[in-house]
Amino acid sequence: MITKAHIRYKNQVSQVVPGVTTILGKVNFNGKYDRLVAWANSKGLEGIDSGKYRDEAGSIGSLAHEMILADLKGVTIDTSPYSKEQIDKAENCYLKWLEWRKGKDLCDYCVELPLVSEEHQYGGTVDYLGWIDGCYVIADYKTGFVGIEAYIQCCAYRQLAIENGYPTPEKILILGIPRTNDEIFQERQYADFDLGWRAFLAAKEAYDVDKLLRQGGI
């Protein structure tokens, strides 16, 4: 599997703080782990190595994500580390992105923006923060299944944007971009942030308590 280097977020006194996805990885929101177990079992019954399948899908998703960000930045990317099959499937995602973007007014945006919350001591990298058709939004791109944690993740990103002096995002936009023709394109919009923010704060508390328990050797 081809992965990007993990970003280390640091606060103003250079202490490392956890990232949003690391924090959310501690909590079984909406039965996330139950679904993963069921999915792995189903792949096993089909004679498919779920670990290899997941890694391959991850590489395709990473490349598709890079293609979308490159489009927004107006740059080109190096696809040589990827196989032809991975490139073909990632390009399928990218074409779906171009179809969605066509005719939309995207302006004054930041992409792949790393931010840190001093108040809540966490960090995150926002896929897209800016204007789309006259509305200031937080946007995130996913390939494959889009779970409720994507909404919670974006609520945490919204708080990061506000704390760091950006305009207050009016809504969250999550795009589920298909890798193959048998997957569907999903566009989810949210204008209610309270429940997602509460869920993230609960996850952050669980993360912090777990860390203290481990440090205490309990």
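Right, let's walk through the structure included here. It should be emphasised that the depicted structure is a prediction, and the values quoted were computed from it without experimental measurement.

1. Points about the overall build of the chain
Then comes step 1: In terms of helices and strands, the chain carries six helices and seven strands.
Then comes step 2: Each helix (α) and strand (β) of the chain, taken in turn from the N terminus, gives the series β-β-α-α-α-α-β-β-β-α-β-β-α.
Then comes step 3: Burial statistics for the chain: of 218 residues in total, 43% are counted as buried.
Then comes step 4: The long-range share in the chain, meaning contacts at least 24 apart out of those at least 6 apart in sequence, stands at 63%.
Then comes step 5: Approximately 11900 Å² of the chain is accessible, and the part contributed by carbon and sulfur atoms is 52%.

2. Brief notes about unusual backbone geometry
Negative phi characterises most residues that are not glycine, and trans characterises most peptide bonds.
Then comes step 1: Even without a glycine there, the phi angle at Ser 14 is positive, about 70°.
Then comes step 2: Inspection of the secondary structure assignment puts Ser 14 in the loop between strand S1 (9–10) and strand S2 (16–17).

3. A word on the state of the cysteines
Then comes step 1: Evaluated as defined, the whole model comprises zero disulfides.
Then comes step 2: Free of any disulfide, Cys 154 has its nearest neighbouring cysteine sulfur in Cys 155, separated by 7.4 Å.
Then comes step 3: Relative accessible area serves as the criterion here: at 3%, Cys 155 is assigned to the buried category.

4. Focus: helix H4 (residues 84–101)
Then comes step 1: Over its 18 residues, H4 runs 25 Å from end to end, which matches the ideal 26 Å to within 8%, given 1.5 Å per residue.
Then comes step 2: Turning to H4, its buried residues number three or more, namely Gln 86, Ile 87, Ala 90, Asn 92, Cys 93, Trp 97 and Trp 100.
Then comes step 3: Of the residues flanking the end of H4, it is Gly 103, one or two places downstream, whose phi is positive at about 85°.

5. Topic: the packing of aromatic side chains
Then comes step 1: Overall, the coordinates contain eight aromatic pairs when judged by the stated rule.
Then comes step 2: The aromatic ring of Trp 100 is capped on one face by Lys 104, whose charged end is 4.6 Å from the ring centroid.
Then comes step 3: For Arg 158, the ring lying beneath its charged end belongs to Phe 193, and the centroid distance is 3.6 Å.

6. Examining the side chain of Asp 140
Then comes step 1: By secondary structure assignment, the location of Asp 140 is in strand S5 (residues 135–143).
Then comes step 2: Excluding its chain neighbours within four sequence positions, the residues that come into contact with Asp 140 are Asp 127, Gln 153, Cys 154, Tyr 157, Leu 173, Ile 174 and Leu 175.

7. Remarks on the environment of Asp 88
Then comes step 1: By the secondary structure assignment, Asp 88 is in helix H4.
Then comes step 2: The exposure class of Asp 88 is partly exposed, given its relative accessible area of 38%.
Then comes step 3: At 2.8 Å, the side chain of Asp 88 forms a polar contact with the side chain of Lys 84.

8. Thoughts on helix H5 (residues 148–163)
Then comes step 1: Here H5 spans 24 Å end to end across 16 residues, near enough to the 22 Å set by a 1.5 Å rise per residue.
Then comes step 2: In terms of burial, H5 is a largely internal element, 13 of the 16 residues being buried.
Then comes step 3: Looking at the residues trailing H5, positive phi occurs at Gly 165, about 85°.

9. Section: the pattern of salt bridges
Then comes step 1: Evaluated as defined, the whole model comprises seven salt bridges.
Then comes step 2: For Asp 88, the salt bridge identified is with Lys 84, shortest N-O distance 2.8 Å. Of the two residues, Asp 88 and Lys 84 both sit in helix H4, four residues apart, roughly one turn of that helix.
Then comes step 3: Residue Lys 84 is classed as exposed on the basis of its relative accessible area, which comes to 63%.
Then comes step 4: The salt bridge involving Lys 89 is made with Glu 85; its shortest N-O contact spans 3.2 Å. Of this pair, Lys 89 and Glu 85 both sit in helix H4, four residues apart, roughly one helical turn.

About the cut-offs
Residues numbered from 1 in each chain as written. Predicted model: local features only at pLDDT ≥ 70, side-chain atom pairs only at ≥ 80, totals over all residues. Heavy atoms only, no water. Helix = DSSP H or I, 4+ residues; strand = E, 2+ residues; numbered from the N terminus. Buried < 20%, exposed > 50% of the residue type's maximum accessible area, 1.4 Å probe, protein only. Contact = heavy atoms within 4.5 Å. Areas by Shrake-Rupley, 256 points an atom, 1.4 Å probe, with all protein chains shown as cover. Disulfide = S-S within 2.5 Å. Expected span 1.5 Å × (residues − 1). Phe/Tyr/Trp six-rings, centres within 6.5 Å; stacked < 30°, edge-to-face > 60°. Lys NZ or Arg CZ within 6 Å of the ring centre and 35° of its normal. Polar contact = N/O pair within 3.5 Å; in protein donor to acceptor, adjacent residues only side chain to side chain. Salt bridge = Lys/Arg side-chain N within 4 Å of Asp/Glu carboxyl O.

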